[in-house]
Amino acid sequence: MNITITRAAGLAGGVTASLLALLTTVPARAETASPARAAATAATSPARAEAGSVALPAPTGPRPVGTVTLHLVDRGRPDPWVPTEKARELMVSLWYPAAKGGGGTAAYMTAEEAKALLEGQKITEIPSEVVSGIRTHAVTGARPAGRPGTLPLVVLSPGFTMSRSSLTTLAEELASRGYVVAGVDHVHESFGTSLPGGRLAGCVACEEQERDPWKFGDKAVRSRQADVSFVLDRLLGRHPAWKGARLVDRSRIGMAGHSLGGAGASWTMLKDSRVKAGVNMDGSFFVPLPEQGLARPFLLMGAGEEHEPGGEDFTWARDWPRMTGWKRWITVKGGDHGSFTDYPLLTKQSARELEVTRAYVAAFMDRHLRGEDEPLLDGPSGAFPEVQFWR
């Protein structure tokens, strides 16, 4: 498979198919790096799900997590994939530190989204209820907690054909550590996005990707930047779309993305000065960094040999010299394209890759949005021997 086209564009068909094939046959395990972490996780969620179900690993931070869903409409531009739609619609999930209290936890995705995902992957033997029945650890509509103007904000952008739900475990982890997290569904770029009024938006962009992956990638990256900037406008403007927006520190905003979402992180930083730090998780740079470079902190986090120096994705080596601020280039030995999503929990019955992703993304955000000392980013760690530092 050509990483610079198919894998980097975010076509995770093999990953998704294999994870879904396990949903009704193998229960998931939550594996952790230390006995203390294992005990903490076991105290809040079962180590194994019952047969026919999946348990996401609990976040490790000290704060309860709440979540809400926003429907945001940008009437200033048409949809890039369906020009007859004169306004760009987006679905956004917010995860945030919440006040203690009861309430039901959010579903992983809607029934319609689960059905579209299965159909998009041409999987017919698994009931969609198995996927939509996955429960998260975030309480729907919980009251936000924190002092005004103190919480950093991190935007998460998923891989192509994937929904924002694919980064749920990372989002909950960051929220439990005191971040507000905005996961964006870029409508018409996933197999299915539920919209108000019982509507379901399909993957119209898939047709363009199949015709010309690189031309598609360029267009999609630029479109995602516009999406993220609009989300920031709606969250941070004079009349914010979320009642908890007053908690956000507008000077401390980061972005992390997987695959196509990772490619969009650097371009968003170049076009939107509000984003102070970025992470690209296994995505090719479809839009090259300009010669003047990117001077803000950036983390490249890739899978196995594919994204090592000299690997198949030449765009990382091409753009690396143009990153002129703080930067790191790391890879996860034995990882694959889905390693930075929730999917390893399901495909491999292991939370290890999720633990690696959560640890390094959180350390990066802590260092650059909170100014904390994070030795994990300074070189190889005995706690994560599979993580290799290249630059």
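Residues numbered from 1 in each chain as written. Predicted model: local features only at pLDDT ≥ 70, side-chain atom pairs only at ≥ 80, totals over all residues. Heavy atoms only, no water.

Peer 1: Would you explain the layout of surface pockets in this entry?
Peer 2: Empty space among the atoms becomes visible once a probe the size of a water molecule is rolled across them. Estimates place the volume of the second largest pocket at around 330 Å³. Surrounding the second largest pocket, 20 residues form its lining, Thr69, Ser93, Ala107, Tyr108 and Arg164 being those nearest its centre. Mapped onto the lining of the second largest pocket, the elements with two or more residues apiece are strand 1 (65-74), strand 2 (88-97), strand 3 (105-107) and strand 4 (135-140). Among the residues forming the lining of the second largest pocket, the class breakdown is 7 nonpolar, 10 polar and 3 charged. (1 Å grid on protein atoms, 1.4 Å probe; cavity = no way out; pocket = protein on both sides within 12 Å on 5 of 7 lines; lining within 4 Å. Points joined across faces, edges and corners; volume = space filled by probe spheres on them. Helix = DSSP H or I, 4+ residues; strand = E, 2+ residues; numbered from the N terminus. Nonpolar A, V, L, I, M, F, W, Y, C, P; charged D, E, K, R; others polar.)

Peer 1: Is there a simple way to think about the side chain of Ser93 in this case?
Peer 2: For Ser93, the location among the structural elements is in strand 2. By relative accessible area, which is 8% here, Ser93 ends up buried. Reaching out from Ser93, the side chain makes a polar contact with the side chain of Arg164 at a distance of 2.7 Å. Excluding anything up to four places from it in sequence, Ser93 contacts Val68, Thr69, Arg164, Val181, Ala182 and Gly183. (Buried < 20%, exposed > 50% of the residue type's maximum accessible area, 1.4 Å probe, protein only. Polar contact = N/O pair within 3.5 Å; in protein donor to acceptor, adjacent residues only side chain to side chain. Contact = heavy atoms within 4.5 Å.)

Peer 1: Would you explain the nonpolar core in this entry?
Peer 2: Ranked by size, the top nonpolar core spans 40 residues in total, and within it Leu94, Leu235 and Trp242 carry the most contacts. Counting only elements with at least two residues in this core, the list comes to strand 1, strand 2, strand 5 (151-157), strand 6 (180-186), helix 8 (213-236), strand 9 (248-258), helix 9 (260-271) and strand 11 (298-303). Here the element with the most residues in this core is helix 8; it accounts for 6 residues. With residues near it in sequence (within four places) discarded, Trp242 still touches Val68, Leu70, Leu94, Tyr96, Pro144, Val180 and Leu235. Counting 37 residues, the second-largest nonpolar core is a separate cluster that includes Leu167, Val181, Phe364 and Leu369. (Core = buried A, V, L, I, M, F, W, Y, C linked by side-chain atoms within 4.5 Å.)

Peer 1: How should I be thinking about the sheet that holds strand 1 in this particular structure?
Peer 2: Working definition: the strands of a sheet are paired by backbone hydrogen bonds and lie parallel or antiparallel to each other. Taken together, 11 strands build an open sheet; the order of strands is 3-4-1-2-6-5-9-10-11-12-13 and the sheet is mixed. Where the open sheet ends on each side, the last strands, each with one partner, are strand 3 and strand 13 (387-389). Pairwise comparison of adjacent strand axes, ignoring direction, gives a mean angle of 30 degrees for this sheet. Both strand 9 and strand 10 (residues 277-281) contribute to a ladder of 5 bridges, which runs parallel. Bridge pairing links Met255 to Gly278 in strand 10. (Pairing = 2+ DSSP bridges. Axes fitted to C-alpha atoms, helices over the stretch in contact; angles between N-to-C directions.)

Peer 1: Teacher, can you tell me more about helix 9 here?
Peer 2: The α-helix winds at 3.6 residues per turn, so residues separated by three or four positions along the chain end up facing the same way. Helix length check: helix 9, at 12 residues, gives a terminal C-alpha distance of 17 Å against a target of 16 Å (1.5 Å per residue), a fit within 8%. With 10 of 12 residues buried, helix 9 is to be regarded as a mostly interior element. Listed in full, the buried residues belonging to helix 9 are Leu260, Gly261, Gly262, Ala263, Gly264, Ala265, Ser266, Trp267, Thr268 and Met269. (Expected span 1.5 Å × (residues − 1).)

Peer 1: Where do I start with the pattern of salt bridges in this structure?
Peer 2: Side chains that differ in sign of charge can pair as their charged atoms come close. All chains considered together, the criterion is met by 21 salt bridges. Of the charged contacts in the structure, one is a salt bridge between Arg88 and Glu189, with a shortest N-O distance of 3.6 Å. Taken together, the residues Arg88 in strand 2 and Glu189 in the loop between strand 6 and strand 7 (193-195) connect sequence positions 101 residues apart. Across the pair, Glu189 and Arg88 agree in class, each one buried. (Salt bridge = Lys/Arg side-chain N within 4 Å of Asp/Glu carboxyl O.)

Peer 1: I tried to follow the environment of Arg250 on my own but got confused; where do I start?
Peer 2: Examined against the element boundaries, Arg250 turns out to sit in strand 9. When its relative accessible area of 52% is taken as the criterion, Arg250 is described as exposed. Put simply, Arg250 and Pro152 are 98 residues apart on the chain and 7.5 Å apart in space, counted from C-alpha to C-alpha. Residues in contact with Arg250, not counting those within four places in the same chain, are Leu236 and Gly237. Side-chain polar atoms of Arg250 contact the backbone oxygen of Leu236, separated by 2.8 Å.

Peer 1: When you look at the side chain of Thr341 in this model, what are you seeing that I'm missing?
Peer 2: Mapped onto the elements of the fold, Thr341 is located in the loop between strand 12 (327-332) and helix 11 (343-347). Separated by 2.8 Å, the side chain of Thr341 and the backbone oxygen of Gly338 make a polar contact. Filtering out sequence-adjacent residues up to four positions away, Thr341 remains in contact with Met162, Ser166, Leu167, His258 and Leu354.

Peer 1: Where do I start with the environment of Val187 in this structure?
Peer 2: Here Val187 lies in the loop between strand 6 and strand 7. The exposure class of Val187 is buried, given its relative accessible area of 2%. Expressed as a C-alpha distance, the spacing of Val187 and Pro80, which sit 107 residues apart in the sequence, is 9.7 Å. When near neighbours in sequence (up to four residues on either side) are disregarded, Val187 contacts Asp79, Trp81, Arg88, Glu89, Leu90, Met91, Thr193, Leu195 and Ala201.

Peer 1: Would you mind showing me how to read the packing of helix 6 (residues 168-176) against helix 12 (residues 352-369) here?
Peer 2: Helices that pack against each other are described as a pair by the angle of their axes relative to one another and the distance between those axes. Two numbers describe how helix 6 lies on helix 12: the axes approach to 10 Å, and their chain directions differ by 45 degrees. The pairing of helix 6 with helix 12 is recorded here as oblique in orientation. The hand of the helix 6/helix 12 crossing is right-handed. In this structure, helix 6 contributes Thr169, Leu170, Glu173 and Leu174 to the contact, and helix 12 contributes Leu354, Thr357, Arg358, Val361 and Ala362. Considered class by class, the residues forming the contact of helix 6 with helix 12 number 5 nonpolar, 2 polar and 2 charged. (Parallel < 35°, antiparallel > 145°, perpendicular 65-115°, else oblique. Left-handed = near helix turned anticlockwise from the far one by under 90°.)

Peer 1: Help me out: how do you make sense of the pairing of strand 12 in this one?
Peer 2: Residues in a regular strand point their side chains to alternate faces of the sheet. Most of strand 12 sits inside the fold, with 6 of its 6 residues counted as buried. Side chains Lys327, Trp329 and Thr331 project from strand 12 onto one buried face, and the interleaved Arg328, Ile330 and Val332 project onto a second face that is buried too. In this structure, strand 11 lies alongside strand 12, joined through 6 bridges in parallel fashion. Each bridged residue has a counterpart across the sheet, and for Met301 the counterpart in strand 12 is Ile330. At this point the chain moves from strand 11, through helix 10 (residues 314-319), to the parallel strand 12, and the crossover so formed is right-handed. Looking at chain direction, strand 12 and strand 13 are connected through 3 bridges and run antiparallel. What sits directly across from Thr331, in strand 13, is Gln388. (Right-handed = clockwise from strand over helix to strand, strands pointing away.)

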